[in-house]
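Secondary and tertiary structure notes
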Amino acid sequence: MVITFLGAMHEVTGSITLVEAAGKKFIVDFGMEQGVDMFVNHDIPVSPPELDFVLLTHAHVDHSGKLPLLVKEGFSGPIYSTKATCDLCKLMLLDCAHIQESEAEYESRKNKRSNKPPVEPLYDSNDVEKTMSLFVPLPYETSFSPADGIVVSFTDIGHLLGSAAISVTMTENDITKKMVFSGDVGNINQPILRDPSHIAETDYLMIESTYGDRLHDQNPTGHVEALASMIQRTFDRGGNVIIPSFAVGRTQEILYFIREIKGREMVHGHDNFRVVVDSPLAAEATRIFQNCDTDYLDDAARDLIEMGINPLLFEGLELSITGDDSKNLNTDPEPKVIISASGMCDAGRIRHHLKHNLWRPESLICFVGYQAEGTLGRRLFDGEKTVKIFNEEITVKAEIALLPGTSGHADRNGLVNWLLGFTKKPEIVFVNHGDDSVCMSFASYLKENYGYRVSDPFSGTTFDLATGTFINITTGKPVKQKFSIEQAGNEFRLLVRAVSDLSEAIRNHANLSNKEFRFIRNQIEKLIKRISS
Ligand SMILES: [Zn+2]
Ligand SMILES: [Zn+2]
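**Some details on the packing of helix α3 (residues 83-113) against helix α7 (residues 280-291)**
Helix packing for two helices is described by the angle between their axes and how far apart those axes are. Where α3 meets α7, the axes come as close as 10 Å, and the angle between the chain directions of the two elements is 175°. Our classification of the angle between α3 and α7 gives roughly antiparallel. Residues A84, D87, L88, L91 and D95 of α3 lie in contact with α7, whose contacting residues are L281, E284, A285 and I288. Of the residues contributing to the contact of α3 with α7, the split by class is six nonpolar, no polar and three charged.

**Considerations on the sheet that holds strand β16 (residues 364-367)**
Read from one edge to the other, the open sheet built from six strands follows the order β14-β13-β15-β12-β16-β19, with strand pairing classed as parallel. The open sheet has two edge strands with one neighbour each: β14 (317-318) and β19 (399-402). Across two bridges, the pairing between strand β13 (residues 274-278) and β14 is parallel. Each residue of the ladder has a partner; that of V275, found in β14, is L317. Lying over the sheet, helix α6 (residues 250-263) contacts β12 (241-244), β13 and β15 (336-340), oriented at roughly 160° with respect to β15.

**Quick word on the domain arrangement of the protein**
Here the protein is partitioned into domain 1 (2-215 + 408-472), domain 2 (222-402) and domain 3 (490-532). Taken over C-alpha atoms, the centre of domain 2 sits 38 Å from the centre of domain 3.

**Comments concerning the sheet that holds strand β10 (residues 175-181)**
Pairing is mixed across the open sheet formed by seven strands, whose spatial order is β7-β8-β9-β10-β11-β20-β21. Edge positions in the open sheet fall to β7 (144-147) and β21 (454-455), since each of these has one partner strand only. Alignment of β10 against strand β11 (residues 204-208), held across three bridges, turns out to be parallel. Bridged to F181 within β11 is M206.

**Notes on unusual backbone geometry**
Residues A341 and S342 are joined by a peptide bond in cis, for which omega reads 10°. With respect to the helices, strands and loops of the structure, S342 is situated in the loop between β15 and α10 (350-357). Look at E141: it is not a glycine, yet its phi comes out positive at around 55°.

**Considerations on the environment of A300**
Turning to its location among the elements, A300 is positioned in helix α8 (residues 299-306). Sequence spacing of A300 and M9 is 291 residues, and the spatial spacing of their C-alpha atoms is 36 Å.

**Topic: the pairing of β7**
Regular strands show a simple pattern: their side chains alternate between the two faces of the sheet. Relative to strand β8 (residues 150-156), β7 runs antiparallel, the two sharing two bridges. By the bridge assignment, F144 is partnered in β8 with V152. Counting the residues between successive antiparallel strands, the hairpin from β7 to β8 contains two residues, one of them, G149, with a positive phi of roughly 85°.

**What to know about the environment of P48**
On the secondary structure map, P48 appears in the loop between β3 (24-30) and β4 (53-55). Judged by the 17 C-beta atoms lying within 10 Å of it, P48 falls in the partly exposed class. Between the C-alpha atoms of P48 and L69, which are 21 residues apart in sequence, the distance is 9.4 Å. Beyond its immediate stretch of four places on either side in the chain, P48 contacts L70, E73, G74 and F75.

What counts, and where the lines are drawn
- Residues numbered from 1 in each chain as written.
- Chains lettered and ligands numbered in written order.
- Predicted model: local features only at pLDDT ≥ 70, side-chain atom pairs only at ≥ 80, totals over all residues.
- Axes fitted to C-alpha atoms, helices over the stretch in contact; angles between N-to-C directions.
- Helix = DSSP H or I, 4+ residues; strand = E, 2+ residues; numbered from the N terminus.
- Parallel < 35°, antiparallel > 145°, perpendicular 65-115°, else oblique.
- Contact = placed C-beta atoms within 7 Å.
- Nonpolar A, V, L, I, M, F, W, Y, C, P; charged D, E, K, R; others polar.
- Pairing = 2+ DSSP bridges.
- Domains from an automatic or database assignment.
- Buried ≥ 20, exposed ≤ 12 C-beta atoms within 10 Å, placed from the backbone.

Pasting the structure below:
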């Protein structure tokens with residue numbers, strides 16, 4: 001009864017865990033790595049055809065994105081997930097395949113010119129189709145047995161439509177052990193989704209730690225009022241409200257708010273204003289949210305449905321948008337709300353809408369999510385006055401606004417509260433799915449403040465679930481050799497942790513005087529100079 005930690009160890013993306021129990025081999029999540037890659041992941045020590053089944057926590061690509069590759073390489077067993085995860089995966093994996101295909105096509109064209117062989121995409125839409133045929137949708141809180149000696153159940157974890165924590169009970173040689181995989185733990189009080197449900201008990205737990213070192217704003221309320229006021233003032237001056245948004249999750253949250261704005265008649269003088277979702281992926285995802293089983297929704301959304309109101313449907317909403325319709329939006333003078341992808345403005349149709357609205361002082365660009373360093377979204381958000389879109393210099397005159405989003409992930413308190421829901425302490429809590437320093441700091445927080453036995457293993461570590469002992473402990477192998485965490489050893493790690501503590505101490509002491517802030521800032525700037533010189 002052995003577990004091998006493979007992906008999202010001391011990293012946020014690329015979740016993969018292998019379990020060998022009761023004579024079977026299965027994996028929990030098979031995600032794609034995104035963004036900066038810190039540590040080398042060990043390969044799965046089992047060939048894909050040898051795997052018996054897959055358990056999938058939710059549809060996000062960092063948990064599901066490599067499943068078509070597994071199928072391409074010969075896996076043909078069932079993939080168990082909730083129905084909503086299955087529906088969303090179809091969209092998200094197809095989208096991924098299209099990105100892989102067009103990137104490979106681009107590289108191949110380049111290679112052809114220099115007489116090099118063409119590039120194969122990681123996988124294509126045919127692989128996605130085969131993958132989708134393997135999905136077996138299952139309801140929440142219903143035990144099922146994928147193989148003799150293994151019982152599995154899904155619990156709503158409130159992170160994305162259909163997201164689940166997965167409980168696996170395994171019996172081998174008369175020893176029974178239970179392990180819970182948290183997947184991504186949702187935030188509380190999010191629109192549409194329920195708060196994470198608790199699980200009574202488990203022997204072992206694997207918990208994510210994305211925001212394990214910080215606390216979200218306590219009660220971010222007033223979204224509906226803030227958005228209504230943005231729409232009102234923009235429409236009054238004849239402009240458009242442009243919302244760059246992630247296609248799945250955030251877009252539906254915005255539609256949920258706009259339905260309320262329309263329902264409460266909060267915008268005056270612009271009856272039945274148009275709301276256009278100009279992203280095929282976002283439109284498809286919205287249809288899944290509109291038609292999903294009420295099991296996936298929170299009480300407020302269910303109450304609406306009971307009153308005969310679809311929480312994501314209202315007059316003026318347009319979901320079917322062709323490329324031509326999209327272009328026509330730019331010549332139509334009637335003020336409207338346009339929600340489009342990508343969320344950080346670095347690709348997709350949103351760039352057309354920005355090109356046609358950024359120069360107009362009457363329009364408003366409303367950011368609803370995190371804008372990463374280096375993206376067009378971040379530059380606009382930071383107040384840049386001219387930007388280049390499609391090689392054209394555009395002067396920024398539109399109003400730039402922020403609708404603070406509710407995060408999809410629990411913060412440190414949220415994670416701890418979910419953990420405290422287990423009636424007795426798990427024998428070991430394994431921490432994953434967090435940046436290196438966050439993962440370590442959350443692990444020691446649990447140890448020091450709550451007395452848990454905690455482990456934050458690196459990729460390749462193996463653990464015997466039956467005896468509760470480690471078989472093999474690996475150290476992280478950094479991807480970039482520029483700085484080696486291995487070589488720098490403990491001192492480097494302590495330094496990284498101290499930096500994370502410093503940032504938290506600052507956040508927790510916002511009441512210091514300006515003089516003290518200035519002093520601290522000077523000291524930090526001196527340190528930065530010393531490190532970079
Ligand atoms: Zn996720
Ligand atoms: Zn994730």
